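# Close look at the chain arrangement
Residues per chain are reported as follows:
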Amino acid sequence: SIPSLHEVFKDQFRIGAAVNPGILAGERDLLVKHFNSLTAENEMKFESLHPEENRYTFQHGDQLIAFAKEHGMGVRGHTLVWHNQTPDWVFRNASGGDADRVTLLARMKEHINTVVTRYKGDIYAWDVVNEAVSDSGPEVLRSSRWLDIVGDDFIAKAFQYAHEADPDALLFYNDYNESVPEKREKIYSLVKSLKEQEVPIHGVGLQAHWNLELPSIDHIRQAIERYASLGLQLHITELDVSVFLHEDRRTDLTEPTSEMMEKQAERYEQFFSLFREYSANVTSVTFWGACDRYTWLDGFPVRGRKNWPFLFDGQGQPKESFWKVIK
Ligand code: G3I
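Keep in mind that what you see is a predicted model, and the values were worked out from it rather than measured.

Quick notes on the rules
- All residue numbers refer to position in the chain's written sequence, counted from 1.
- For a predicted model such as this one, the threshold for reporting local features is a pLDDT of at least 70, and the threshold for listing and counting side-chain atom pairs is 80 or more; totals across whole chains, interfaces and linings nevertheless cover every residue.
- Going along the chain from the N terminus, every DSSP run of H or I of four or more residues is numbered as a helix, and every run of E of two or more is numbered as a strand.
- Counting other C-beta atoms within 10 Å of its own, a residue is labelled buried from 20 upward, exposed at 12 or fewer, and partly exposed in the gap between, with every C-beta atom placed from the backbone.
- This entry defines residue contacts through backbone-placed C-beta atoms, with two residues in contact when those atoms are within 7 Å.
- UniProt positions are given in the numbering used here, feature names are shortened, and annotations may be inferred rather than shown by experiment.
- What makes a residue near a molecule or strand is its C-beta atom, placed from the backbone, lying within 6 Å of it.
- By the convention adopted, Pro, Cys, Tyr, Trp, Phe, Met, Ile, Leu, Val and Ala count as nonpolar, Lys, Arg, Asp and Glu as charged, and the other residues, Gly among them, as polar.
- In this analysis, strands are considered paired if DSSP registers two or more bridges between them.
- Crossovers are marked right-handed if the path from the first strand over the helix to the second runs clockwise, as seen with the strands pointing away from the viewer.
- Interaxial angles span 0 to 180 degrees and are taken between N-to-C directions of axes, which are lines fitted to C-alpha atoms, for helices over the stretch in contact.
- The labels follow the angle: roughly parallel below 35 degrees, roughly antiparallel above 145, roughly perpendicular from 65 to 115, and oblique for the rest.
- A helix is expected to span 1.5 Å for every residue after the first.
- Here the arc refers to the directions that run from the helix axis out to each C-beta atom.
- For this entry, the nonpolar core is defined as buried Ala, Val, Leu, Ile, Met, Phe, Trp, Tyr and Cys residues connected by C-beta atoms within 7 Å.
- Scored from 0 to 100, pLDDT reflects the predictor's confidence in each residue.

## Looking at the overall build of the chain
- The number of helices and strands found in the chain is twelve helices and nine strands.
- Projected onto the principal axes, the alpha-carbon positions of the chain cover approximately 55 × 40 × 40 Å.
- Counting only residues that meet the buried cut, the chain has 44% of its 327 residues in that class.
- Contacts in the chain between residues far apart in sequence, at least 24 positions, make up 74% of those at least 6 positions apart.

Laid out in C-alpha cells, this is it:
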C-alpha cells in the first residue's frame, strides 16, 4: 500500500502543495492523502484578491481555506508584496502618473491589513515580501515600482503591517536562486539587516525551483546553514525538480526518459535527506504543484515543452522519486 507523504514526515515538517481551483477540484484525494499544507498558486496574489482599489475578490481564496479546514490542513499565504501580478492602479495617481510614497504605503497597508485580517488564524505563515533581491550585479535589491516609489524600507513596512494585522502569523521573506552563493549572500544581508532593525520577520522561504544538476547539494546545504544562522525558521516554499538540463531545449518528449526519472529520484532522495538533517530549521516543505498533470514549468522556459517535476505522475500515481523520498 502507498504511505501518506505527510504522515511519514509528521515529526519533521509539514508537506505542502501549491494549488489552483482546477487542481483543488481535480486532485482532492491525492491532496488529502499526502499533503497537510496548501498554498494558492495565484489566487492570493495582489491582482487576484484586489483587482481595483475598492474591490476585493476573495472567492477562490476562501474556497482554498474552506477545503484546508475541512481536511485539517494548514495554509501558507502567498504573497502580499511582489513586483509581479500586482495591478497597475496600485502604483498610479489620479492623473495616471506615479503614486507618491505616502499614497503607495497607505495602499500597501490597507491591502495587507484587509487580507491578513480576513485570514487571521487560518494562515500559519505568509510570504510577506517575494523576490525583492536582485539576481546579479552589485545592488542588493532589484529595481521595482515598490522600491522606486517607496525606497528600501518598503520591505520593513510590509512586515510591520502584516504583524500588526496578525501577530501570530509567521512572516517570511521568500526568494528563488536562493542557493546561488552570490544571491544567497544578498538575501542573507537583507534579512540580517531586517533582524537588526527589529522588523518582525520569522523565516526565510527557499523557493527551490531546482533541476537534475543544479544547485549542487553543497550549495543547498550552505544556503540552509547561512539562513539558519540568523535564528529563523526555513520553509521550502516552491519545490519542483525540472527533468531538463539547462542546455536541453527538446520539445518532442511526450514522456520523461527513464534516465530522467532515475536522476530525479536520486536528487529528491538527497534533498529530503538534507531537509531531514536540518529539520530543526526546516519546518515546512511545499511543492509548487501536486502531480505531473500540471506544472507552471509546462512551457517554461521553452515554449510547448512538457515537464515532470513532482513525486506523482500525471495520473497521481507515485513515481520512483516518491519511493526514494519515502525511503
Ligand atoms: O489570469 C489570466 C487569465 O485571465 C488568462 O485567461 C490566462 C491565459 O494564459 O492567463 C492568466 O494568467 C496567468 C496566471 O498564471 C494564472 O493562470 C498568467 O498568464 C501566468 O503568467 C501566470 O503564471 C503564474 C506565475 O507565477 C506568474 O508570475 C504561475 O501560474 C505561477 O505558478 C507562478 O508562480 C511563481 C510564484 O508566485 C513566485 N515564484 C516563482 C513561481 C513560478 O514562476
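The rest of the description comes next.
## Some remarks on the UniProt feature "active site" (unreviewed entry) in the chain
- Here the UniProt feature "active site" (unreviewed entry) sits at Glu238.
- Examined against the element boundaries, glutamate 238 turns out to sit in strand 8 (residues 233–242).
- Apart from the residues within four sequence positions on either side, glutamate 238 is in contact with Ala18, Gln207, Ala208, His209, Thr286 and Trp288.

## Describing the site of the ligand
- The environment of the ligand is formed by Glu41, Asn42, Asn84, Gln85, Asn130, Tyr176, Gln207, Glu238 and Trp296.
- Split by residue class, the shell around the ligand holds two nonpolar, five polar and two charged.

## Regarding the pairing of strand 8
- By the criterion of burial, strand 8 is predominantly enclosed, with ten of the ten residues buried.
- In this structure, strand 6 (residues 203–206) lies alongside strand 8, joined through four bridges in parallel fashion. Across the sheet, residue leucine 206 finds its bridge partner in strand 8, namely isoleucine 236.
- Of the strand pairs in this sheet, strand 7 (residues 209–211) and strand 8 are connected by three bridges, and their pairing is parallel. Paired with asparagine 211 across the strands is serine 242, a residue of strand 8.
- Each parallel crossover has a hand, and the one from strand 7 via helix 10 (residues 217–228) to strand 8 is right-handed.
- Inspection of the sheet shows strand 8 paired to strand 9 (residues 282–287) by four bridges, in the parallel sense. In the sheet register, leucine 239 faces strand 9, and the bridge partner there is phenylalanine 287.

## Regarding the packing of helix 9 (residues 181–196) against helix 10
- Interaxial distance between helix 9 and helix 10 falls to 10 Å at its minimum, and their mutual angle equals 10°. When the axis of helix 9 is compared with that of helix 10, the two are roughly parallel. Residues Pro181, Arg184 and Tyr188 of helix 9 touch helix 10, and the partners they reach there are His219, Ala223, Arg226 and Tyr227.
- In terms of residue class, the contact of helix 9 with helix 10 is built from four nonpolar, one polar and two charged.

## Observations concerning helix 6 (residues 101–118)
- Taking 1.5 Å of rise per residue, the 18 residues of helix 6 would be expected to cover 26 Å, and the 26 Å separating its terminal C-alpha atoms lies within 8% of that figure.
- Looking at helix 6, one finds that the buried residues are Leu104, Leu105, Met108, His111, Ile112, Val115 and Val116. End-on, the buried residues of helix 6 take up no more than an arc of 130°, which puts them together on one face. Exposed residues lying more than 90 degrees from the buried face of helix 6 are Val102, Ala106 and Thr117.
- Among the structural elements, helix 4 (46–49), strand 3 (74–81), strand 4 (125–130), helix 7 (145–150) and helix 8 (154–165) are those in contact with the buried residues of helix 6.

## Some thoughts on the nonpolar core
- With 84 residues, the main nonpolar core has Val19, Trp126, Val128, Ala158 and Ala162 as its most contacted residues.
- With seven residues, helix 8 is the single largest residue contributor to this core.
- With residues near it in sequence (within four places) discarded, alanine 162 still touches Leu80, Ile112, Val116, Trp126, Val128, Ala169 and Leu171.

## So, helix 8
- The end-to-end C-alpha distance of helix 8, which contains twelve residues, comes to 17 Å, matching closely the 16 Å that a straight helix rising 1.5 Å per residue would cover.
- Among the twelve residues in helix 8, nine count as buried, and that is most of the element.
- When we look at burial in helix 8, the residues that qualify are Phe154, Ile155, Lys157, Ala158, Phe159, Tyr161, Ala162, His163 and Ala165.

## Section: the environment of asparagine 42
- Examined against the element boundaries, asparagine 42 turns out to sit in the loop between strand 2 (37–40) and helix 4.
- Each C-alpha atom of the pair asparagine 42 and asparagine 20 lies 6.9 Å from the other, and the pair is 22 residues apart in sequence.
- When residues no more than four places from it in sequence are discounted, the contact partners of asparagine 42 are Asn20 and Ser48.

## Some details on the confidence of the model for the chain
- Here the chain averages 98 in pLDDT, while 100% of its residues score no lower than 70.
- Model confidence for the complex is summarised by a pTM of 0.98, with the ipTM given as 0.94.

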